[in-house]
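An overview of the molecular structure
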Amino acid sequence: MQTQSLWEHTLTFFPQFLATLRERVAPGATVAVVGVSDGKFVLPLAAAGYRVVAIERDAVALHGGDVHLPGDSQAHALGLIDRLKLEELHERVEVVEDDFLNGEPLGLQCDAVWTSCSWHYSANHHRPLGEFVDRMRRLVRPGGMFGAEFMMPV
Ligand SMILES: C[S@@+](CC[C@H](N)C(=O)[O-])C[C@H]1O[C@@H](n2cnc3c(N)ncnc32)[C@H](O)[C@@H]1O
């Protein structure tokens, strides 16, 4: 990839998820990612040939902008949409700019769903964790893959 995600160095089990996906789900299938940020997982999924539904509530993560970094420094970050265009992957990705807990559950049945380190966000504390998990479960077709990881260390 020509650019790096701001979350590049957060530990993750995504490589195991992607390896299992490749065994079980053919390229061209659709994977939903909840809390995509600037695309740490969306870009490799799209590059592997999957269609991706990318759900994110944060406008800076999607469109880019100034971000605070540890050490009280600031930087301009590219958002998901520009990163996808740079890699010419944007046609494989549908971006849903919304809070995943807003309104009715998305009426989609994907082949797999993935999230990393989104459940504990303070924006979600007004609803039970089970509701987030249930909305993710409804996004996957029967027999599809459900992947989630929670509060991974940096
Ligand atoms: C810690 S970041 C992780 C980014 C990326 N998934 C990773 O692990 O590298 C979690 C992301 O989930 C998003 N998120 C959390 N709750 C959300 C919700 N209810 N709806 C949409 N996005 C959400 C946040 O805005 C944030 O961009």
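The shown structure was predicted, so the numbers you read here are calculated from the model rather than taken from an experiment.

So, how was this worked out
Residues numbered from 1 in each chain as written. Predicted model: local features only at pLDDT ≥ 70, side-chain atom pairs only at ≥ 80, totals over all residues. Heavy atoms only, no water. Core = buried A, V, L, I, M, F, W, Y, C linked by side-chain atoms within 4.5 Å. Buried < 20%, exposed > 50% of the residue type's maximum accessible area, 1.4 Å probe, protein only. Helix = DSSP H or I, 4+ residues; strand = E, 2+ residues; numbered from the N terminus. Contact = heavy atoms within 4.5 Å. Pairing = 2+ DSSP bridges. Axes fitted to C-alpha atoms, helices over the stretch in contact; angles between N-to-C directions. Phe/Tyr/Trp six-rings, centres within 6.5 Å; stacked < 30°, edge-to-face > 60°. Near = heavy atom within 4 Å. Polar contact = N/O pair within 3.5 Å; in protein donor to acceptor, adjacent residues only side chain to side chain. Areas by Shrake-Rupley, 256 points an atom, 1.4 Å probe, with all protein chains shown as cover. Nonpolar A, V, L, I, M, F, W, Y, C, P; charged D, E, K, R; others polar.

Soluble, globular proteins show a tendency: their nonpolar side chains are buried together. If you look at the biggest cluster of nonpolar residues, it comprises 26 residues, and the most contacted ones within it are Leu21, Val33, Val42, Leu45, Tyr50 and Leu80. For this core, the secondary-structure elements that each account for two or more residues are helix H1 (14–24), strand E1 (30–34), helix H2 (42–47), strand E2 (51–56), helix H4 (80–86) and strand E6 (110–116). Apart from residues no more than four positions distant in its own chain, Val33 is found in contact with Val42, Leu45, Val52, Val53, Ala54, Ile55 and Trp114.

Before going further, it helps to examine the sheet that holds E6. Taking strand neighbours across the sheet as the criterion, the five strands line up as E5-E2-E1-E6-E7 in an open arrangement whose pairing is parallel. Strands at the two margins of the open sheet, each flanked by one partner only, are strand E5 (93–97) and strand E7 (140–149). Pairwise comparison of adjacent strand axes, ignoring direction, gives a mean angle of 15 degrees for this sheet. Two elements, E2 and E5, share five bridges in a ladder whose sense is parallel. Residue pairing for E5: Glu56 is matched across the bridge by Glu97. The strands touched by H1 within the sheet are E1, E6 and E7, with E7 carrying the most contacts at an inclination of about 165 degrees.

Next up on the list: the packing of aromatic side chains. By the definition in use, this model includes seven aromatic pairs. With a centroid separation of 5.1 Å and 50 degrees between ring planes, the pair formed by Phe100 and Phe132 is classed as tilted. One end of the pair, Phe100, is in the loop between E5 and E6; the other, Phe132, is in helix H5 (residues 129–138), and 32 residues separate them in sequence. Judged by relative accessible area, which is 9%, Phe100 ranks as buried. Judged by relative accessible area, which is 5%, Phe132 ranks as buried. Aromatic rings pair up to connect Phe14, Phe17, Phe41 and Trp114 into one cluster.

Attention shifts here to the site of the ligand. The ligand sits among 17 residues. The nearest are Trp7, Glu56, Asp99, Phe100 and Asn124. Measuring from a nitrogen atom of the ligand, one finds a backbone N or O atom of Gly35 at 3.0 Å. For the ligand, a nitrogen atom lies 2.9 Å from a polar atom in the backbone of Phe100. Here the ligand loses 96% of its free accessible area of 590 Å² to cover by the protein chains. Among the residues making up the shell around the ligand, the classes are represented as six nonpolar, five polar and six charged.

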